[in-house]
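Residue-level structure breakdown
The primary structure of each chain is shown beneath.
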Amino acid sequence: MGEILHESNDSRSHGIGMYRHMIDMKEAISRPISRGASVTVTIFFIILFVGAVLSAHWITPIFTSDSLKKAILGAQSTKIPPNKYEIPLSCANRSAPQTCAANDRPLFNTEVLPGKECPEYFRWIHEDLGPWQKTGITKEMVERANGDFRLLIIKGKVYVERYRGVFQTRDIFTIWGIVQLLKFYPGKLPDLDLMFGCGDVPLILKSDYQGVNAASAPPLFHYCKDDQTLDIVFPDWSFWGWPEINIKPWVSLKKELAEGNKRIKWTKRKPYAYWKGNIYTGEGRQDLFKCNPRGHQDWNARIYDQNWDSETKSGFQDSNLASQCTYRYKIYIEGNAWSVSEKYILACDSMTLLINPRYYDIITRGLLPLTHYWPIRNNAKCKSIKFAVDWGNKHNKEAEKIGKAGSKFIQEKLTMSQVYDYMFHVLNEYAKLLKYQPTLPPKAVEVCSETMACHVEGLERIYLVESMVKSPASAGPCTLPPPYDPSELQSFLKRKQELTKKVEGWEESGNVRKVKLENF
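Conventions we followed
- Residues numbered from 1 in each chain as written.
- Predicted model: local features only at pLDDT ≥ 70, side-chain atom pairs only at ≥ 80, totals over all residues.
- Heavy atoms only, no water.
- Buried < 20%, exposed > 50% of the residue type's maximum accessible area, 1.4 Å probe, protein only.
- Helix = DSSP H or I, 4+ residues; strand = E, 2+ residues; numbered from the N terminus.
- Pairing = 2+ DSSP bridges.
- Axes fitted to C-alpha atoms, helices over the stretch in contact; angles between N-to-C directions.
- Contact = heavy atoms within 4.5 Å.
- Disulfide = S-S within 2.5 Å.

Right, let's get into unusual backbone geometry. For Asn246, which is not glycine, the phi dihedral falls at a positive 60°. Residue classification places Asn246 among the partly exposed positions, given a relative accessible area of 23%. Positioned with a positive phi, Asn300 is a non-glycine residue whose angle comes to about 65°. Topologically, Asn300 is positioned in the loop between helix 8 (283-289) and strand 7 (301-305). Its relative accessible area of 9% is what places Asn300 among the buried residues.

Structural data, given as structure tokens:
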């Protein structure tokens, strides 16, 4: 941009110089002279001027390279500054009902540099929307989705119709995230109409939409899905904060996790597998709790049940995520469905022991066994955990490498900008499938930063304000990679399965010394 402005200034100075030169000539020839000489000079000046215009017209195509053309066009078309204006939160009277300001800010400057190519896991957007690629999406299909709220984007504004209450503030922070997306990329999303489910478990069963019903599946956005459901995966609410358990917005928390990793070197960390959480959400967690040391049996696991009563009273001060990166190994296990904790566990530099999941969020399908995590069997958790820890303690460098690769994935491929890019692409691709023009339902109300944040108090307000987009992005969304070719996708899934089976084979052998990762 600096080069373009520099070139524009030079061009403008050059133009002004020519103009002044011609004015000087005009003044010179307008001085009193003989009538015949005056006519001659006037004709000469006209011929000179026309010749200059024609020569400029002929010379430009010859001497203007493609890059120079782009620079000139860029300098000439900077009608909108490069997305540098501030977007304040305007709470004039917090006790009074808030209204949304007129949507009169500049649209996203499309002349900024395009974003880089999106991370590989963005390709799953195509898979999630696959059931509707041929049929498209009708209004009737949307209204059958049975979501917790309906959200529409119409002419750059967000409207919401709520149908039922949800757990804690999941809906608020999810809607807030979409409101911020429209501030991050103002004017880039088309009109759309969607249903969103905020519960733990995905709802749209594949088995209900087979045969003659295959073309009528209702699209429902959700935080996770599994191989038996058709829910459209979307970033979870905690990226903007989870005030009920004192989890900060992702930008600041990700930074704290990176700093927490530096406090204790991997080899100085406790040589056990760590997990802390609510053991009563899902049978798998109660099973995991049995892996704690008992008598002479030590499975190398240290499992802690979260005391929700005492933690709630203390504001979860004893559950600071950045201070939990003190073990060489951290366990990820699902609760009732997928768990928000996945990204926090992976970000710790500890080798993640991923108890084979049923559900997946936006990133899970992009992770590889023995690259980003070590797979743990569901039906033999304790034995599987013990083998993984024994192996890691015998092969420190390899175990640390896996831990750091998982952490690097989170730090570099799950930035907040990339979260907004994922949201943009999944919503943009979804909007392309709509076979109708969205219109405002009678009970839908407009929402914006002011109507959501001005009237609330406590951590909810703190996290909303902290996670608020202050100005538009300085670059466009990343470039969405193409869908998987069926054979390519099959090969990728087969490789994940084979690596997991390989680890299970090592466990059966029981010999941690012979297991080398060079060939994997």
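Moving on, we get to the sheet that holds strand 7. Taken together, the 5 strands give an open sheet; going across it, the order is 7-6-8-9-10, and neighbouring strands pair in parallel fashion. Edge strands, defined here as strands with exactly one partner in the open sheet, are strand 7 and strand 10 (374-376). Adjacent strand axes in the sheet meet at a mean angle of 30°, parallel and antiparallel pairs treated alike. As judged from the 3 bridges shared by strand 9 (residues 351-355) and strand 10, these two strands associate in the parallel manner. Of the residues in strand 10, the one forming a bridge with Leu354 is Pro375. Helix 11 (residues 381-394) rests against strand 6 (270-277), strand 7, strand 8 (327-332), strand 9 and strand 10 of the sheet, and its axis sits at about 155° to strand 10.

Tallying each qualifying case throughout the model produces 5 disulfides. Here Cys91 connects covalently by a disulfide to Cys454, the sulfurs 1.9 Å from one another. Taking the sign of the torsion about the S-S bond as the criterion, the disulfide between Cys91 and Cys454, at about -80°, is left-handed. Of this pair, Cys91 sits in the loop between helix 3 (66-76) and helix 4 (124-128) while Cys454 sits in the loop between helix 14 (449-453) and helix 15 (458-466); the two residues are 363 residues apart in sequence, bridging distant segments of the chain. According to the relative accessible area criterion, Cys91 is partly exposed, its value standing at 21%. Cys454 sits in the buried class, given a relative accessible area of 1%. Residue Cys325 pairs covalently with Cys348 via a disulfide, S to S 1.8 Å.

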